Amino acid sequence: MLSVSRAALLRAPVRAASTFAPFPNTLPEDFIPYTLEKKWTISPDSKVLRFQLPEDVLKEHKQELWNTYRWCSTCLPEGPLSILKAPAGVKVKAEIGGAAVEKSYSPVSMVWEDKYMDLLVKEYKPVSGGGGLGKYLCDMELGTKIDMKLKAPRNLAGYPYHPNRFKDVVLIGCGTGIAPLYQMAHMILANRDEKTKVWMVAAHRTEADILLREEFEQMAAFSDRFKLHVALSQPADPEGWNTESTSKSKPWTGSVGRLDLETLRATLPPGDKPSTMTVVCGLDGFLETICGPHVRIQIPGKSTLKKTQGPVVGFLGELGFGTGGRRGSEVVKL
Ligand SMILES: Cc1cc2nc3c(=O)[nH]c(=O)nc-3n(C[C@H](O)[C@H](O)[C@H](O)COP(=O)(O)OP(=O)(O)OC[C@H]3O[C@@H](n4cnc5c(N)ncnc54)[C@H](O)[C@@H]3O)c2cc1C
C-alpha cells in the first residue's frame, strides 16, 4: 500500500481554484470542423494526426492580435493560437455507433504553429459501451473532418504559464500523458530568453511504446536545460516493432519496472526547492501513485461535483513537492 506521510497530507489543502483562465474572446469557443491533412504511426498503437487550422476563423483572431500589438511588433505572439499557452487542450466530438462521444486530447504541435495542429492519439481497443473515439480518429481518412473545440488556457498555480515564471519545471507522464508535457518542454526550450530548467520523466511499457522518443532525445542532446529520464515497465520489445529506431542492440539505460520513489528521488531536483512547478499527467492509477488523485467537491448551488487538484500525496508528497506559496513548489495534475 502507498505510504502517505501525515506531514504531506497536512500541508496540502484541497484547493478549488479555477483550472482554466478566461477563454480568449477572439478565438472560436465552439465546436468547428477541422480537416485531417496527414497521419503517421509512431508506436504500435499510437498515431499523430495533423489537422488544418481553419483559415477563415483564425483570420479575425490574427487581426485582433495585430490591433493589440501594433505599437510593439516584437511583442506579437508568434502564431494565432499562442494566446492559448501550453499545455493546450481540445475537446473532440463524434457520433460513433449512434452515440455522441466527446473526449479531451492534448495537441503536441506548438501553440505558435499557424497552419496545423497535431494530436497524438492512442488507438484503444473499443469496449462495448465505450467511446471508441481513439480508434475512430486513427481510422479517419485524409481530407475528412471532425468537430473540435479549443479549451481555454490552463492555469498553473493561478494563471497560465509565461517565460521564466519558475526556475524549475518538472514534468512526469505515462503513455499519451506525455503529450501536454512534450508541448510544455518544447515551448520552454525553444525560447532562448528562458532560463527555466526542465526535468522530464516518462513512463512507458516497452521500448516500442516510448512516444516522441527521438524528439525528447534531441531536446536532451541540444539543451543543457533539459534532463530526461525514461522508465520502462517491460524494457524488452516482445514484438520487435520498429527495431531500427529503438536501438534494440543497445542495453536499456533508463530505469526498469514501475516508476518508484527512489527513481524519482534520484532523478528530480529537491521537492521543496522554491519556484518549482511540477505537472503530472497520466492514467488515474498513475496520478494516484505519483501525487494523489483529483478530488471532487460540492460547490454550493451546483448540481455537479467540481474536479479539484486534491492534496499532493504519493511519491511527490513523500519527496516534499507541493509546499505551495507564491515562490514555493506547486504540483498540477492534468
Ligand atoms: C485532459 C485530457 C487529455 C487527454 N489527452 C489525450 C491525448 O493527447 N491522446 C490520447 O490518446 N488520449 C488523451 N486523453 C484520453 C482521451 O480523452 C480518451 O479517454 C481516450 O482516447 C480513450 O477514449 P476511447 O473513446 O478511445 O476509449 P473507450 O472506447 O472509451 O475505451 C477503450 C478502452 O480504453 C480504456 N481507456 C479509456 N480511456 C482511457 C484512458 N484515458 N487511458 C487508458 N485507457 C483508457 C478503457 O478502459 C477501455 O478498455 C486525454 C484525456 C484527458 C482527460
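Since the structure is predicted, the reported quantities are computational estimates derived from the model, not experimental observations.

Novice: Break down the site of the ligand for me, with residues and values.
Specialist: Lining the immediate environment of the ligand, one finds 22 residues, of which Lys103, Tyr124, Gly130, Gly131 and Gly134 sit closest. Elements supplying a minimum of two residues to the shell around the ligand: strand E4 (99–105), strand E5 (116–122) and helix H3 (133–138). For the shell around the ligand, the element with the most residues is E4, which contributes four residues. Taken together, the residues of the shell around the ligand sort by class into 11 nonpolar, eight polar and three charged. Looking at which domains feed residues into the shell around the ligand, each of domain 1 (6–19 + 155–333) and domain 2 (32–150) gives three or more.

Novice: Go over the environment of Val170 with me, naming the residues and quoting the values.
Specialist: Looking at the secondary structure, you find Val170 in strand E7 (residues 168–174). Look at Val170 and you get buried, because 27 C-beta atoms sit within 10 Å. Sequence separation between Val170 and Val280 is 110 residues; the distance between their C-alpha atoms is 8.3 Å. For Val170, the contacting residues outside a window of four places in its chain are Trp199, Leu268, Thr276 and Thr278.

Novice: Give a detailed account of unusual backbone geometry, specifying residues and quantitative values.
Specialist: Here the phi dihedral of Leu212 falls at roughly 55 degrees; this positive angle occurs in a residue that is not glycine. Tracing the chain through its elements places Leu212 in the loop between strand E8 (197–204) and helix H5 (213–222). The class of Leu212 is buried, set by 22 C-beta atoms lying within 10 Å. If you check the backbone angles, Ser275 has positive phi at about 60 degrees while not being a glycine. The class of Ser275 is partly exposed, set by 16 C-beta atoms lying within 10 Å.

Novice: Go over the sheet that holds E8 with me, naming the residues and quoting the values.
Specialist: The parallel open sheet is built from six strands, whose spatial order is E10-E9-E8-E7-E11-E14. Two strands in the sheet have a free side with no partner beyond their single neighbour: strand E10 (255–256) and strand E14 (329–333). With seven bridges joining them, E7 and E8 adopt parallel strand pairing. Paired with Val170 across the strands is Trp199, a residue of E8. Taken strand by strand, helix H4 (residues 178–190) contacts E7, E8, strand E9 (226–232) and strand E11 (276–281), and its axis lies near 155 degrees from that of E7.

What counts and how
Residues numbered from 1 in each chain as written. Predicted model: local features only at pLDDT ≥ 70, side-chain atom pairs only at ≥ 80, totals over all residues. Near = placed C-beta within 6 Å. Helix = DSSP H or I, 4+ residues; strand = E, 2+ residues; numbered from the N terminus. Nonpolar A, V, L, I, M, F, W, Y, C, P; charged D, E, K, R; others polar. Domains from an automatic or database assignment. Buried ≥ 20, exposed ≤ 12 C-beta atoms within 10 Å, placed from the backbone. Contact = placed C-beta atoms within 7 Å. Pairing = 2+ DSSP bridges. Axes fitted to C-alpha atoms, helices over the stretch in contact; angles between N-to-C directions.

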